[in-house]
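This is what each chain is made of:
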Amino acid sequence: MLGFRRSQRDFEVEIQSHIDIETDRLIEEGMHPHDARLAARRRFGNVSKAQERYHDGARLAWLEQLMLDVRYASRMLRKSPGFTAISIFTLALGIGANTAVFSVVNGVLLAPLPYREPERIVKLWESLPGTSQIMVSYPDYRDWKVRTRVFDDIALYSPFRTMTRTGSELPDRVGVGLATGNLFGLLGVAPIIGRDFNADEDRPGAPRAALITNGYWKRQFASDRGVLGKTLALDGETYKIIGVASPTVGLGVVDVWVPMRLWENAANFNRGNHPGLIGVGRLKPGVTLAQMNADLSRVSAEIRAENPTEASGIGAGGDFFGELLVHNIRPALEMLSWAVFCVLLIACVNVANLLLGRSTSRRKEIALRVAVGASDSRILRLLLTENLMIALTGGLLGVGLAYAGVKGIVALKPVGVPRLSNIHIDLRVLVFAAVVSIVTGLLFGLMPARQATKVDLNDSLKESGRGSSATASTLRLRGVLMAVEVAMALMLLVGAGLLMRSFTRLARVESGVDPRGVATAQINLPNAKYPDEARQRVAMEDILRRVQSVPGVTTAALTSAFPLGANQQNKITFEGHPRPKGNEPLLNVQYVSPEYFSLVKMRVIRGRGFSSSDVQGAAPVVWLSETAARKYFPGENPVGKRILHGPFDSKESPFTVAGVVNDVKETRLGGAFGGTLYMAFDQFPDNSMGLAIKASIPFEQVMPAVRREVAGFDKDLPLADETTLEQTIGESIGQERFTMFVLGIFATVALLLAAVGVYGVIAYFVAQRSHEIGIRMALGARRTNIVSLVTGRVLVTTGVGVAVGLVAAAATSGLMTKLLYDVKPTDTTTYAGGAIALLLVACVAAVVPTLRATRVNPATTMRSD
Amino acid sequence: MPTQDPYASERDSLLQGTLDLLILRTLALAPHHGQGIARVIQQRSGDTLLIDHGSLYPALQRLEARGWIKGAWGTSENNRRARFYSLTAVGRKQFVTETGRWNRLVESIARVLAPELAEG
């Protein structure tokens, strides 16, 4: 505020006296008094405005100045549209990339789970020696509930069932989850409408009740509130809909939840079975993971002691629910966050570089301003306003890019990214973008602005922008910035290169089957209609024959699992190599019809393939995968050996090994072979089987007929999960492909920005040296000399950047370890490739300015002095 | 001293420095009221500089606030009550500084303009 202020009245009097004096003078000059007064007023201008300016000035000074700064800055930016557009677009790329990645991080990693106090919720499982995680046995769970001390409550769920819903127009495959009645209460989520299971519903033989999920409610019932009290016919049983469950996260893909204890008396709910049940616990406040695991170990020891046969070797453990959900995606997101940060820094450096290039022409303008009384801080503020305007406009555009990017990411449905629907641009993301924009504006603007205000008045006004110490230091600074930019671009390039190499290796991994031209689908026979193995066998084989008869189908086969899909795992005992009880290995078990091996081109390495006698009633046969054979019959021929399903004292009749087939990746392309046993479907039928189909004509033409054949067998039987084996295998590396794709985009952006940066610096260098080049050429230097002068400059600066980048990439490559398959984070080929690529790009970027240098006309440069 | 100058806006940045200098120069000769200052500047510049009164009074306030000039109510030649401004000691010193600065600026601008003319 001003130190003193006169009253408004005093000021008015002064102005009035001014007008009076002016009027007097005009009258003296011979003007009519009336006209003279009007003229005096007119000459004074707007009286009230002058007063306003005086009195409101101080109060509005801040805002007014800001607006003036903004107006001035936009004028300056409009004056150089090229610079403005490039800067804004560069920053938009950087800020947009960061905003997009942050919205993913925000939705996936940062946003709390939609449960009450989610930090106390854990997932629980059991373990066997050699297998760290297996599903929970129901009786073990009952013991946990009673004996553990660290939990408020424990629940179980199982999201793996599919049932057939009948009664609606078409039979429908429904994902059914079993949940103990306390599951939703434990999570702390109330149903959207209706009510949760009550105690009377979660018991064996209870009237059947169902909670449908929000998605199923929307899809099947158009979110109709009248759904309460309606019934669902699932696998021939009727369930009453009691409510619509709140959306859950991390509980699998489920359409309908039903009470678990309806199955309590099922055969596989005994102590020795682990039928796809997963534990969920709510820890008491303050309990650590270590305390929980100690408590579970204590209870497991008791269970082992009390059930030496069925629970031999059993252990238990768990981890935080939220952590498990993001465990797989976290390394990729962390790496991508650093990558986009690098992109933003490169963008900042680029704009800083542009600003420095402008500062030569700005220097005179600024000197002029200083000369007429603007202070350093005033100039600094003006420049920062300009920079912030660039940054904020870039940020706005960036948010637009991010919006499109996030839409794209969600639309791509990247495999393995949890909570996709939770990824959007919300307030937190917008605040993030705004903060990033402002920090960016200060970051890229401060250094050039300081450089610009460090002007020596006289020097700058005199200097016509060449050869002075100030320009030399600018050139040096720009060289440093260019090196920084090159270094960061190289880091991204190396990262993307490593992922790409890793991905190509992963994609080239042999799955063990030939997926080409194989379509797959699922058939699930409802237990109510097909209650026993005999009926299931007849039905499945009838369906198979019908499918095989479809015109265009060359072969079809039944299989209980597909490569890279979930497998059933059972304890196996090998003849001659029994393991101690509780230590029996778990092996994947797959039931197939005779056509399967040849359909997916699996090779029989030893023994025989299927024969027509491998049917029900004949001696049970089994084929081992190579890995299983090598592991459990080392140095022996396993053909003819016998194995037992279960522990060595299992009462089941033994299988005879008929042959050895080649290995197939059971879970992940990047994973090791676990070992698989193949058994004959006819000897061990099941109600849920996969159908593999090979056709001589395109699937789009075959599948409708296949569907008709299945419906012809049983009109209530849907054909589900239609896909191809190639697609299944492709999707299994979807997350890797996605990470590589996204980092690839960022690396490309970084490379382009770096190229622009190199171009800018070299163009500036040439412009600065055009005088010198002119003289050299006048003195007889040849073009090649000039080219080598410029190229030398490019190579020196880029070379420094590349060297720094290589070291930095190696130093940060630890971030990549978890993301790479069969590629070392310090893979020399990738590093060398990245370095060469960058040097090449730098040289290409320097071509135009170099050519311009060789076309310098000595006469012109000499004259311009 | 004011910590913030409400009129130091970009709008008159060029004018501001010069107008201040012109006012100081006018008052260095004799005290004047506002209308007198405007008239003197106008006359001395050969009617090329028409002073915007909307800028003049804020400039006077500013200079007064800085303590370079001081104002006092008096009577004009026509017996009108008017506020007369005169230079303070600080103002007089400032006038010398500002004049030097101005001369440097003019010289500098001339130098800037000269080579560019030659270039064209």
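All of these numbers come straight from a predicted model, not from anything done at the bench.

### A closer look at the overall build of chain B
Looking only at helices and strands, one finds 4 helices and 3 strands in chain B. Counting every position in chain B, which comprises 120 residues, the buried fraction comes to 33%. Across chain B, every contact between residues at least 6 apart in sequence was considered, and the portion connecting residues at least 24 apart equals 49%.

### A word on the overall build of chain A
Scanning chain A for helices and strands turns up 23 helices and 22 strands. Principal-axis analysis of the C-alpha atoms gives chain A an extent of 130 × 75 × 60 Å. The buried share of chain A, taken over its 865 residues, is 42%.

### Side note on the sheet that holds strand S1 (residues 32-33) of chain B
Residues and elements named next belong to chain B. Strand order across the open sheet formed by 3 strands is S1-S3-S2, with antiparallel pairing between neighbours. Two strands bound the open sheet, and with one partner strand each, they are S1 and strand S2 (69-75). Relative to strand S3 (residues 81-87), S1 runs antiparallel, the two sharing 2 bridges. When the bridges of S3 are listed, His-32 appears paired with Tyr-85.

### A look at the domain arrangement of chain A
Residue and element names in this part refer to chain A. Taken domain by domain, chain A holds domain 1 (8-64), domain 2 (130-312), domain 3 (330-508 + 735-863) and domain 4 (518-732). The gap between the C-alpha centroids of domain 2 and domain 4 is 28 Å. Taken together, the contact pairs 14 residues of domain 2 with 13 residues of domain 4. Among the elements of the structure, strand S3 (151-166) and strand S4 (172-179) are those that each provide at least two residues to the side of domain 2 that touches domain 4. Per element, the largest residue contribution to the side of domain 2 that touches domain 4 is 4 residues, and it comes from S3. A per-class count over the side of domain 2 that touches domain 4 returns 3 nonpolar, 7 polar and 4 charged.

### Topic: the confidence of the model for chain A
Interpretation of this model should avoid reading the predicted coordinates in detail wherever pLDDT is low. Residues and elements named next belong to chain A. When pLDDT is averaged along chain A, the result is 85; 92% of the residues meet or exceed 70. Mean pLDDT across the secondary structure elements of chain A bottoms out at helix H13 (residues 457-462), with 54, and peaks at strand S10 (residues 278-283), with 96. The model gives residues 464-468 a pLDDT under 50, and that stretch makes 8 contacts with residues more than four places away or in other chains.

### A closer look at the pairing of S3 of chain A
All names here are of chain A. Summarising the sheet, S3 and S10 pair through 6 bridges and their orientation is antiparallel. Directly across from Phe-151, in S10, lies its bridge partner Leu-283. Relative to S4, S3 runs antiparallel, the two sharing 7 bridges. Looking at the pairing, Thr-162 lines up with Gly-175 of S4.

### Some points on helix H22 (residues 828-854) of chain A
All names here are of chain A. The end-to-end C-alpha distance of H22 is 37 Å, a good match for the 39 Å that 27 residues give at a rise of 1.5 Å each. When the local axis directions of H22 are compared, the greatest deviation, roughly 40°, occurs at Val-847, which is followed within four positions by the proline Pro-849. Those residues of H22 lying buried are Thr-830, Tyr-831, Gly-834, Ala-835, Leu-838, Ala-842, Ala-845, Ala-846, Pro-849, Thr-850 and Ala-853.

### Side note on the nonpolar core
Residues and elements named next belong to chain A. If you look at the biggest cluster of nonpolar residues, it comprises 162 residues, and the most contacted ones within it are Val-343, Ala-489, Leu-490, Leu-492, Val-622, Phe-746 and Ala-750. Mapped onto the domain boundaries, this core takes at least three residues apiece from domain 3 (330-508 + 735-863) and domain 4 (518-732). Apart from residues lying up to four places away in sequence, Phe-746 is in contact with Ala-97, Ala-339, Val-340, Val-343 and Leu-492. In terms of nonpolar packing, the next biggest core, distinct from the first, is built from 51 residues, Tyr-157, Val-176, Met-260 and Ile-278 among them.

### Observations regarding unusual backbone geometry
Residues and elements named next belong to chain A. The backbone of Ala-222 sits at a positive phi, close to 50°, despite the residue not being glycine. Position of Ala-222 among the secondary structure elements: in the loop between helix H7 (214-221) and strand S7 (231-234). With a phi angle near 50°, Asp-235 is a residue other than glycine that sits in the positive phi range. With respect to the element layout, Asp-235 can be found in the loop between S7 and strand S8 (237-245).

### What about the packing of helix H21 (residues 783-812) of chain A against H22 of chain A?
Residue and element names in this part refer to chain A. H22 packs onto H21 with a crossing angle of 150° between their chain directions and a minimal axis gap of 9 Å. Classified by the angle between their axes, H21 and H22 sit roughly antiparallel to one another. Seen along the crossing, H21 lies across H22 with a hand that is right-handed. Where H21 abuts H22, its residues Arg-783, Ile-786, Val-787, Val-790, Thr-791, Val-794, Thr-798, Val-802, Leu-806 and Ala-809 lie against Tyr-831, Ala-835, Leu-838, Leu-839, Ala-842, Cys-843, Ala-846, Pro-849, Thr-850, Ala-853 and Thr-854. Looking at side-chain class alone, the contact of H21 with H22 contains 16 nonpolar, 4 polar and 1 charged residues.

### Looking at the packing of helix H15 (residues 533-548) of chain A against helix H18 (residues 699-713) of chain A
Residues and elements named next belong to chain A. Following both chains from N to C, one finds H15 and H18 inclined at 145°, their axes separated by 9 Å at the closest point. The hand of the H15/H18 crossing is right-handed. Where H15 abuts H18, its residues Asp-542, Ile-543, Arg-546 and Val-547 lie against Val-706, Glu-709, Val-710, Gly-712 and Phe-713.

### Remarks on the environment of His-424 of chain A
Residue and element names in this part refer to chain A. If you trace the backbone, His-424 turns up in the loop between helix H11 (376-412) and helix H12 (427-453). We classify His-424 as partly exposed; it has 15 C-beta atoms within 10 Å. The spacing of His-424 and Ala-809 is 385 residues in sequence and 31 Å in space, taken between C-alpha atoms. Those residues in contact with His-424 that lie beyond four places of it in its chain are Ser-103, Gly-107 and Val-406.

Calculation notes
Residues numbered from 1 in each chain as written. Chains lettered and ligands numbered in written order. Predicted model: local features only at pLDDT ≥ 70, side-chain atom pairs only at ≥ 80, totals over all residues. Helix = DSSP H or I, 4+ residues; strand = E, 2+ residues; numbered from the N terminus. Buried ≥ 20, exposed ≤ 12 C-beta atoms within 10 Å, placed from the backbone. Contact = placed C-beta atoms within 7 Å. Pairing = 2+ DSSP bridges. Domains from an automatic or database assignment. Nonpolar A, V, L, I, M, F, W, Y, C, P; charged D, E, K, R; others polar. pLDDT = per-residue confidence, 0-100. Expected span 1.5 Å × (residues − 1). Bend = angle between axes of the 7 residues up to and from the residue. Core = buried A, V, L, I, M, F, W, Y, C linked by C-beta atoms within 7 Å. Axes fitted to C-alpha atoms, helices over the stretch in contact; angles between N-to-C directions. Parallel < 35°, antiparallel > 145°, perpendicular 65-115°, else oblique. Left-handed = near helix turned anticlockwise from the far one by under 90°.

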